[in-house]
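Analysis of the macromolecular model
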Amino acid sequence: MTKRFIPILLSLLAFLLGWDLLTRFSGIPNFILPSPLSVWTRFLKAMSDGSLPRHTAITLTEIVLGLIVGVLFATVVGYMLAKSRSLEKVLSPYLVASQAIPVIAIAPLLVIWLGDGILSKVVICALIVFFPVLVNTIVGVRAVPTALYDLMNSLHASRAQILWKVEAPASLPVFLGGLRIGATLSVIGAIVGELVDAESGLGFLLQLGDFQYDTPMVFVAVFTLIALALMLYGIVRMLENKFLKWQS
Amino acid sequence: MPHTSIFTIRNLSAVFQNDNGGLCALENISFDVKPREFVCVLGPSGSGKTTLLRILAGLIPPTSGSFTFGRGEEPSIGMVFQQATLMPWRTVTENIKLPLEVKKIDEAVARKKTKEMIELVGLTGFEDSLPRDLSGGMAQRVAIARALIHDPDLLLLDEPFASLDAMTRERMWTELSNIWQARQKTVIMVTHSINESLFLADRVLVLTQRPGKIKMDMEVDLPRPRKDEIRYTSRFGKLAKRLRGAIE
Ligand SMILES: Nc1ncnc2c1ncn2[C@@H]1O[C@H](COP(=O)(O)OP(=O)(O)OP(=O)(O)O)[C@@H](O)[C@H]1O
Ligand SMILES: [Mg+2]
């Protein structure tokens, strides 16, 4: 277990060392590339004055709500599309078209419509999460072996029993693969929304640091975002380890 | 005493749509099954044996014709498919228990019955194994246990013993014979083995090359219980010869 982390730790150390040496000897000014130490000092300050925890909490709330809404919709719509070819034929042009529009392009519109508060960010986040989860739900449900449907039908199982005893567990591996992508994208969704217009959140903090030439603050915000993305990814991996033991 | 039949099958035909007009798998199949009768179905590959079982299980509708069980009620069915058809995420115990879950049987009762079935098919020690860790024959025994556990009215078996070794197969013949005699079930079993059908059946139906029609309907008037030695009797030899003649 600990052995697995040694290479990661080493590469991290090498990265920090390289970064430190670069700032020391290249002559790049601190407001363009701050040193690791100044970022660390800025981090401690942002922690102690409470700004980092507060803005992180807001962004995390947007991400979690966006994920829940996006995944819920994607799962329900995905299941219906998987079950009905005709519904898929009607809806798929819209779905594909919606995917062709970059979220960044419609984010300002959503902020105009829904305000610069948390709601617009949740919606942007949900939109960006929706597609990968939708696609994987469809693929997962379609891939359920027909033999298992035969088995359940020979036992006169109800639709609900087929859903919970066959379709859900059989499509879970592919579904969780989609969730893994969606979880990482959700961070991007929230930040895109905050960068358009926001009074709070890590995106706001990032922009503030940018305006004030407080580059170490920008770095703190970026690293916090990376940490959030890694945490979400880790949670999905944990779910996979827990529920997909039968696969490996 | 006139035997009223429990299962009447009338003029069943099955045509599968394909590019050149349709493939006729079964043509005009009619037969009656008496209560508690053990019927074996023999026939060359592609003669529609699996299709017949799938129709009788209600998994696919016949193209034409009809079949009635009892006074028209839906029989409780135990089915063994040609492939074991286990749920890879469920352990041996959980796979065998499935029909009781579908029928919402009390959990404690279900546990106890499952344990009995595991002993019956000789899988003690593998209760918590996953299907991926079972041999083909073991997987098939799980499927057999699962088909019997809910004490169905009608057993539909599609070459259930094909992947077992000779020793286990003959033990399963005896077990199935005992279960059938004790529980008084109606059984329709597809097999490729003349020995197997003569050892188990009251009646053997032989299907023709595609499209499957009934070529022969033969009573097996061998005394029961049938022991291994019965194979060396002249009556057995005579029946085997008739079947062999019909199959070729
Ligand atoms: N769902 C289907 N769609 C199209 N054709 C089918 C389908 N199921 C079966 N068939 C065709 O019907 C014929 C009979 O198939 P079936 O599986 O019933 O044969 P079988 O007697 O069980 O053969 P085997 O002994 O090899 O298992 C075959 O030619 C097969 O290709
Ligand atoms: Mg078959």
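Now for a description of the structure that goes with this document. As the structure is a computational prediction, the values presented were derived from the model and not from experiment.

This brings us to the overall build of chain A. The helix and strand inventory of chain A stands at 10 helices and 0 strands. Counting from the amino terminus, helix and strand elements in chain A follow one another as α-α-α-α-α-α-α-α-α-α. For chain A, with 248 residues in total, the buried portion stands at 44%. Relative to all contacts within chain A whose residues are 6 or more apart in sequence, the contacts with residues 24 or more apart total 73%.

This brings us to the site of ligand 1. Residue and element names in this part refer to chain B. Taken together, 15 residues lie around ligand 1, and Ser 45, Lys 49, Thr 50, Thr 51 and Gln 82 are the ones closest in. A distance of 2.9 Å separates an oxygen atom of ligand 1 from a polar atom in the backbone of Gly 46. Isolated, ligand 1 exposes 630 Å² of accessible area, and the fraction of that covered by the protein chains is 65%. A per-element tally of the shell around ligand 1 places helix H1 (residues 49-56) first, with 3 residues.

The next thing to look at is the nonpolar core. Ranked by internal contacts, the top residues of the largest apolar core, which has 90 residues, are Leu134(A), Leu156(B) and Ile188(B). Element by element, the count of residues in this core is highest for helix H8 (residues 159-196) of chain A, at 11 residues. Setting aside residues up to four positions removed in sequence, Leu134(A) forms contacts with Ala74(A), Val77(A), Gly78(A), Leu81(A) and Leu95(A). By size, the runner-up hydrophobic cluster in this structure holds 52 residues, among which are Val142(B), Leu164(B), Trp173(B) and Phe199(B).

What follows is about the interface of chain B and chain A. Tallying the contact residues gives 23 residues for chain B and 19 residues for chain A. Three residues, Trp89(B), Val102(B) and Arg132(B), lead the burial of chain B against chain A; their summed loss comes to 33% of the area buried on that side. At the junction of chain B with chain A, the criterion picks out 2 salt bridges. Asp150(A) is the partner of Arg54(B) in a salt bridge, and the nearest nitrogen-oxygen pair spans 2.5 Å. Those elements that place two or more of their residues in the side of chain B that touches chain A are strand E5 (77-80) and helix H2 (92-102) of chain B. In terms of residue count, the dominant contributor to the side of chain B that touches chain A is H2(B) (4 residues). Taken together, the residues of the side of chain B that touches chain A break down into 13 nonpolar, 2 polar and 8 charged.

Once that is clear, we can look at the coordination of the magnesium ion (ligand 2). Residue and element names in this part refer to chain B. Bound to the magnesium ion (ligand 2) are the protein donor atoms Thr 50 (OG1) and Gln 82 (OE1), situated 1.9 to 2.3 Å from the metal. Taken as a pair, Thr 50 in helix H1 and Gln 82 in the loop between E5 and H2 lie far apart in primary sequence, 32 residues in all. On the basis of relative accessibility, which here comes to 36%, the residue Gln 82 falls in the partly exposed class.

A word on the sheet that holds strand E4 (residues 64-69) of chain B. All names here are of chain B. The 3 strands are arranged E2-E1-E4 in an open sheet whose pairing can be described as antiparallel. Where the open sheet ends on each side, the last strands, each with one partner, are strand E2 (23-33) and E4. The sheet shows a mean angle of 20 degrees between the axes of neighbouring strands, direction not considered. In terms of strand pairing, strand E1 (residues 7-16) meets E4 through 5 bridges, oriented antiparallel. Residue pairing for E4: Arg 10 is matched across the bridge by Ser 66.

Right, let's get into the sheet that holds E5(B). Residue and element names in this part refer to chain B. In space, the 6 strands of this open sheet follow the order E5-E6-E7-E3-E8-E9, with mixed pairing throughout. Only two strands of the sheet have a single neighbouring strand rather than two, namely E5 and strand E9 (214-219). Averaged over all neighbouring strand pairs, the angle between strand axes comes to 15 degrees, with direction disregarded. As defined by bridge partners, strand E3 (residues 38-42) adjoins strand E8 (residues 203-207) across 4 bridges and the pair is classed as parallel. What sits directly across from Val 41, in E8, is Leu 205. Each of E5 and strand E6 (154-158) touches helix H4 (residues 136-148); the most contacted strand, E5, lies at about 170 degrees to it.

It is worth spelling out unusual backbone geometry at this point. In this chain, Arg210(B) is followed by Pro211(B) through a cis amide linkage whose omega measures -5 degrees. Of note, Pro211(B) is situated in the loop between E8 and E9. Look at the link from Arg224(B) to Pro225(B): it is a cis peptide, with omega at -5 degrees. Note on placement: Pro225(B) falls in the loop between E9 and helix H7 (234-247). Look at Tyr213(A): it is not a glycine, yet its phi comes out positive at around 50 degrees. With respect to the helices and strands, Tyr213(A) occurs in the loop between helix H9 (202-211) and helix H10 (215-243). On the accessibility criterion, Tyr213(A) (62% relative accessible area) is exposed. Positioned with a positive phi, Arg36(B) is a non-glycine residue whose angle comes to about 65 degrees. Residue placement: Arg36(B) occurs in the loop between E2 and E3.

Procedures and definitions
- All residue numbers refer to positions counted from 1 along the written sequence of the respective chain.
- All chains are assigned letters beginning with A, and all ligands numbers beginning with 1, in the order in which they are written.
- Only residues with pLDDT of at least 70 are given local features in this predicted model, and only at 80 or more are side-chain atom pairs given and counted; all residues enter the totals for whole chains, interfaces and linings.
- Values reported for side chains reflect all heavy atoms of the structure, with hydrogen atoms and water molecules removed beforehand.
- In this description a helix means any DSSP run of H or I spanning at least four residues, a strand means any run of E spanning at least two, and both kinds are numbered starting from the N terminus.
- To sort residues, take the accessible area from a 1.4 Å probe on protein chains only and compare it with the maximum for the residue type: under 20% means buried, over 50% means exposed, and anything in between is partly exposed.
- Whether two residues are in contact is decided by their heavy atoms: any pair within 4.5 Å suffices.
- Each residue is tested against the molecule or strand, and it is near if at least one of its non-hydrogen atoms lies within 4 Å.
- For the purposes of these results, a polar contact is taken to be a pair of N or O atoms within 3.5 Å, where, inside protein, one atom must be able to donate a hydrogen and its partner to accept one; residues adjacent in sequence count only when each atom of the pair is a side-chain atom.
- Each accessible area is a Shrake-Rupley result for a 1.4 Å probe, and residues are judged covered by the shown protein chains and nothing else.
- Definition used in this section: a nonpolar core is a set of buried Ala, Val, Leu, Ile, Met, Phe, Trp, Tyr and Cys residues joined via side-chain atoms within 4.5 Å.
- Accessible area, probed at 1.4 Å, shrinks when two parts are joined; the buried area is that loss added up over both.
- Between Lys or Arg on one side and Asp or Glu on the other, a salt bridge is scored when a side-chain nitrogen of the former is within 4 Å of a carboxyl oxygen of the latter.
- Amino acids are sorted into nonpolar (Ala, Val, Leu, Ile, Met, Phe, Trp, Tyr, Cys and Pro), charged (Asp, Glu, Lys and Arg) and polar (every other residue, Gly among them).
- Water is not part of the atom set, so a site may look incomplete; the donors themselves are N, O and S atoms within 2.8 Å of the metal, or 3.2 Å for Na, K and Ca.
- Here, strands pair whenever DSSP counts at least two bridges between them.
- To obtain each axis, a line is fitted to C-alpha atoms, and for helices this fit is confined to the stretch in contact; angles are then taken between N-to-C directions over 0 to 180 degrees.

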